[in-house]
Structures are given as C-alpha cells and as structure tokens.
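Residue strings, one per chain:
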Amino acid sequence: MDEKAILHSPESKYCFALNANTICLRLRISKEDFPDEIKVIYGGKYTFALERNSVKMKRSFEDRLYAYYTVTLTITDLRFVYVFEITNANTVYFYSEDGLTNKYDFELSYYNCFQYAYINECDLIQPVEWMKTATFYQIFIDRFNIGNVNKDKSYITLDWGELPTPKSFAGGDIKGITEKLYYLKGLGINALYLTPVFRSISNHKYDISDYYEIDEHFGNKSDLKELIDTAHRMGIKVVLDAVFNHCSDNLIQFQDVLKKGKQSEFYDWFIITNDSPLEYEMFGACAYMPKLNTSNPKVCKYLLDIATYWIKQFDIDGWRLDVSDEISHDFWRQFRKAVKETKSDCVLIGENWHDANIYLRGDQFDSIMNYAFTKACLDFYAFHEFTAQDMASKLNEILMRNTDPINDMMLNLLDTHDTHRFLTRVNGNQNQLMSALALTYFYPGAPCIYYGTENAMEGGYDPDCRRTFDWTLEKINNPVKSLIQKLTILKHENKFSSSAIKIYAKDNLLIVDRENFRLVINESDKDKPYMCNTMLFSNLFEKNVLKKNGFVVHLFYPEN
C-alpha cells in the first residue's frame, strides 16, 4: 500500500459527530490500492485497552488520486477512541497517530490511538433543517419585475427588455417580487436569495450608504415586511445579502473621516494606509467602496446590530455574506453567535469561491456558494475538459472537503449575477442546461436557480448576465421550466443525505445514485445504449438509448 496516501485526522472532516451518540469516520488511501478489508476498532477512552468493538468500513468515494472509506457509528461512551485495521494481501496493518504499523499495542493505546476526547453538544454542527429540502431562486432586484407602477420612475434609464449597461436602472422593486410569489411557488421555489436591498446609489446596491433603510428605488420597509410575511405564509424563506466587507464612501462614518481625517472618531473604522493624500483599503480597486475594519470591536458591534435588527424586526431567514473570505474569522465567530441566538435556524451562506473548510466547522458559516461545483459543471459541459470519470472524481473531491452536515447545506449554482449565464457558456444548448440542472438537484445541498433560467435566459459577463426578466413568457411552458418543476418535487419529497450518495462513471456515463433514485448523464461524443425500465423523466432518452447531451432519472434498487 502507498503509505504516503493514507490520511486521517480526528475532529475534522475525517471525524465528526452528528450528535452525542453518532460519529462519522473517513479514512483516505490511494485510489490505486484495494485492500482486502479496512475496519475501525473503537471503544471508550478509559476502557479501550480491555474492551473494544470493530466494524468494517465501506469504500464510498473516489477522486482523482484517493479513495475514501467511511463508516457511521452509534456509540454510548462520549469519550471515543479508535484505530484502523487494514488487511492487505493477507497482511494486517494498523493505522494510528503513529502512522502505518504492522503491530499495535492496545495496552498502551492511550499514547497513540485517535480520539474524540469528549463530544460536547455546543461543539456540534447544528444543521439548518429547512436547507435539506430548500430550492433557492436568486433575484437581482432591479431586473426582475416592477410592482409599484405609481412610483417616481425618473431614475429609470433602461427600457425593459433592452440590454443593460453597468450603470443602467430598469426599475425592478420589492413589490414586484411579492407580486410574483405565486409564480415562483409554481416553479417549486421555497427559498429566495435577494441581492442587497439597502440604500445605495448603484443598481446592484453592493455599495451601501445606510444599512437601516431600504433603497427608495426598491420601496420601503413596509414593502419588505409584506414580501417576507407573504412568502412565509406560502412556505418560502427569504435570505438577504449582507455586505459587511465594505460600504459606500457615502456612509456617514466614512464621510466623517473624509472631513476630519485622524480627528474623526471613525478613523479606525476603516483601514487607512496613508493620510495625505487619503489612501485606504477597498473592495477590489473601487475607491467608492472602502473596506470596513472588522478588527475594530466598534465596527463589529455596528455590523452585528445591523444583522440582528433585520432578523428581529422583519424575521428574515438568512444572510448571504458578500466577500466573506476577506473578513476576519473573529468577526464571523461573533456574527454566528449573535445571529443564532436571535434566530437559531437563520442560515449563514458565505460568498467563498474556494475551498472554505476553515469557515465550515460549525463556528462560522453554515454553507457557502458552491462555486467549485459551478466550475466543475463548466469543465464538464461547456469547456469539455472533463470526461465522465473526471467529473465523478471532481464531484467526490468537492464532497470530501467538508462534513456531511455541511454538504447538505451547500448552495449549489450554475450561474449568478457575477458570472456568465450557464446557457450562454454552453452555446445555447438547452439539453446541456437541463442535464446540468438535473445534476444540481441531485448533488448534496440546496440548488439555486438564477432568475430567468427557467425561461432559458442567456447573457455574458456582468452586466449582460443581469438582463430584465421576460414576463411575456410567464404562462408559457417550456422544457426547462417543466424540468425544474419535476426536480423540485423530487427534492422536496426526498430528504436525501450526503452520506447516502454514490457518484461514479461507467462506459463514459456519469452516474449519481441517491437512495432509490439514479441520474445518468451522457456528455460523451456519441449516443449510448442504456437499459432503464423505471424512467421518471429525461430529455434525450429513447428506446434504451441515451443520446448525447441527454440525461435520465429513474428508480433503481441497490443490491445491498
């Protein structure tokens, strides 16, 4: 066996407790190794030398380099210790804190066994239960729908249906969302993610000048309250966008710094790098978005008060956290405690484009926008960099970045206001879009539909990905819309767990098994024969032939 490939770490993504009596273990080995058997030998911390249990582990996941063996254990002693026993070619090895050895002294195990010393309830990852069946719909508010037809429209510079520019205003508002909740419910949507609603001079509102006021272009607090209350009555959650990395240079505190310099009481609210001329850290290279200093306790309190205000007063269901990876971990730990004490099932979704395991250990975020999944879909469907085997390996590797409870809360997306529209990336191929949507719903986590996708909306990079919604298509059915409706029914009726999934390739077909449901995807360059007697729905599947760019969802019954 390749000893260098073997890896395990206690109290990590390789060892995590679901509750006081349930432990999940993972052991990584080389993908090229196929040992006869891997068992975990386990017991209580103070009885292990004399009394032990053992159970066989299962080869559950494979990525490009590694295989992962897993097991879920029910335990009675919260002081949990263990070692691994690997049988290969009739030779028995042990894997402990000493690494791989050909013998193990259980009488001295208190020196070198793995341990989860004590399962403290406050350290457990607390899942947001409603995320398990959530289907999100992201709305860029200015481009979705005009509900208040009597408002002052003098600010509008874009005719509905015209292509947007970076600074154009189309007039979408909060009332426009409320007006279309029944439409969204009909799609199967049960959670909304709204881009910022707070006062700002831009169309996107990511440069906020007043965190306690709704931007007048979008309406007022009464409009937001009506939206949330109506959505809740319909079983729809509402998540708002928290822009706490930076603000507008029109924020009153920053204006005070501009006027008074070092004499301002808010001088250290920002990261000033030079006084004359004034230079400071900012979002990207945008001088009109100065970065907030979350190492300052006063700034932290200011932002925490904002976060809890909108929960207490409007009963929002979550925060999407803008540019979350540039904000201090200390702030996010404070943020989580403040939010969860206010509303325990308020979801926290970070905008992290990269591996974010350090944020996803139960003390900061519940979830992130899963851009690793997005990129994998682009490599598979749009760029043709991945075969089915490559895609299966990548999807498994992404799952192994985090624990099962976190995987079940990830926000999986094909596109957003910050990317090209997925349909444009696949050159308008709706069959590929539908196949990717099916994969998004089958992958662990919450699928997120970017507004207009159900109508096969296209668009290049910002601002082209922020076109206005075509409401002439509202009552017209199409294959994409019909598929989303079918997928949401499947999602809502089946509380799939990320631990009960198998992703693999066979005959250059990508296959995803979720309990008794199987998704089969053909992105090869030819039609493929495939036997299926229990089809639920598909796009390009006829007479036991799965055509190129085709997928099929059907029932299957695992052998064990």
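What you see is a predicted model, and the numbers here were worked out from it, not measured in a lab.

1. A closer look at the packing of aromatic side chains
Then step 1. Applying the stated criterion across every chain yields a total of 47 aromatic pairs.
Then step 2. Consider the rings of Phe-94 and Phe-106, whose centres lie 6.1 Å apart with planes at 85 degrees: the pair is edge-to-face. Of this pair, Phe-94 sits in strand S8 (residues 91–96) while Phe-106 sits in the loop between strand S9 (99–101) and strand S10 (114–116), and the two are 12 residues apart along the sequence. Accessibility assignment for this pair places Phe-94 and Phe-106 in one class, buried.
Then step 3. Against the face of Phe-34 rests Arg-59, its NZ or CZ located 3.9 Å from the ring centre.
Then step 4. A cation over a ring is seen here: Lys-180 above Trp-471, with NZ or CZ 4.3 Å from the ring centre.

2. Looking at the sheet that holds strand S21 (residues 347–350)
Then step 1. Spatial ordering of the open sheet is given by S22-S21-S20-S15-S12-S11-S24-S23, a layout of 8 strands whose pairing is parallel. Edge strands, defined here as strands with exactly one partner in the open sheet, are strand S22 (367–368) and strand S23 (411–413).
Then step 2. Looking at chain direction, S21 and S22 are connected through 2 bridges and run parallel. Bridge pairing links Ile-349 to Ser-367 in S22.
Then step 3. In this fold helix H6 (residues 329–342) packs onto strand S20 (318–321) and S21, with an angle of close to 155 degrees to the strand it touches most, S21.

3. Observations concerning the pairing of S8
Then step 1. Here 5 bridges tie strand S7 (residues 80–88) to S8, and the two strands are oriented antiparallel to one another. Paired with Thr-87 across the bridge in S8 is Val-92.
Then step 2. Here 3 bridges tie S8 to S9, and the two strands are oriented antiparallel to one another. Across the sheet, the residue bridging to Tyr-95 is Leu-100, located in S9.
Then step 3. Between the end of S8 and the start of S9, which pair antiparallel, lie 2 residues.

4. Things to note about the sheet that holds strand S32 (residues 550–555)
Then step 1. The sheet built from 5 strands is open, its strands ordered S25-S26-S27-S32-S29 with antiparallel pairing. Looking at strand neighbours, the two that pair on one side only are strand S25 (501–506) and strand S29 (535–538), the edges of this open sheet. Strand-to-strand twist in this sheet, taken as the mean axis angle between neighbours without regard to direction, amounts to 15 degrees.
Then step 2. The sheet contact formed by strand S26 (residues 509–514) and strand S27 (residues 517–522) spans 5 bridges and is antiparallel. Bridge pairing in S27 places Asp-513 opposite Arg-518.

5. A look at the environment of Phe-380
Then step 1. Residue placement: Phe-380 occurs in helix H7 (residues 371–382).
Then step 2. Sequence-wise, Phe-380 and Thr-440 are 60 residues apart; in three dimensions their C-alpha atoms are separated by 13 Å.
Then step 3. Discounting residues that sit within four places of it in the chain, Phe-380 has contacts with Phe-386, Thr-387, Ala-388, Met-391, Leu-510, Ile-521 and Glu-523.

6. Description of the pattern of salt bridges
Then step 1. All told, the structure shown has 33 salt bridges when counted by the stated rule.
Then step 2. Across the pair Asp-418 and Arg-466 runs a salt bridge, and its minimum N-O distance is 3.5 Å. One end of the pair, Asp-418, is in the loop between S23 and helix H10 (422–425); the other, Arg-466, is in the loop between strand S24 (446–450) and helix H12 (479–493), with 48 residues separating them in the sequence.
Then step 3. What you see here is one network of salt bridges that share partners, running through Asp-241, Arg-320, Asp-322 and Glu-351.

7. A few points about the layout of surface pockets
Then step 1. Space inside the largest pocket adds up to approximately 1,000 Å³.
Then step 2. Taken together, 34 residues form the lining of the largest pocket, with Lys-58, Arg-59, Ser-60, Ile-501 and Lys-502 sitting closest to its centre.
Then step 3. Contributing elements (two or more residues each) for the lining of the largest pocket: strand S2 (22–30), strand S5 (58–62), strand S6 (66–74), helix H8 (388–399), S25 and S26.
Then step 4. The residue inventory of the lining of the largest pocket, partitioned by class, reads 14 nonpolar, 8 polar and 12 charged.

How each quantity is defined
- Residues numbered from 1 in each chain as written.
- Predicted model: local features only at pLDDT ≥ 70, side-chain atom pairs only at ≥ 80, totals over all residues.
- Heavy atoms only, no water.
- Phe/Tyr/Trp six-rings, centres within 6.5 Å; stacked < 30°, edge-to-face > 60°.
- Helix = DSSP H or I, 4+ residues; strand = E, 2+ residues; numbered from the N terminus.
- Buried < 20%, exposed > 50% of the residue type's maximum accessible area, 1.4 Å probe, protein only.
- Lys NZ or Arg CZ within 6 Å of the ring centre and 35° of its normal.
- Pairing = 2+ DSSP bridges.
- Contact = heavy atoms within 4.5 Å.
- Axes fitted to C-alpha atoms, helices over the stretch in contact; angles between N-to-C directions.
- Salt bridge = Lys/Arg side-chain N within 4 Å of Asp/Glu carboxyl O.
- 1 Å grid on protein atoms, 1.4 Å probe; cavity = no way out; pocket = protein on both sides within 12 Å on 5 of 7 lines; lining within 4 Å.
- Points joined across faces, edges and corners; volume = space filled by probe spheres on them.
- Nonpolar A, V, L, I, M, F, W, Y, C, P; charged D, E, K, R; others polar.

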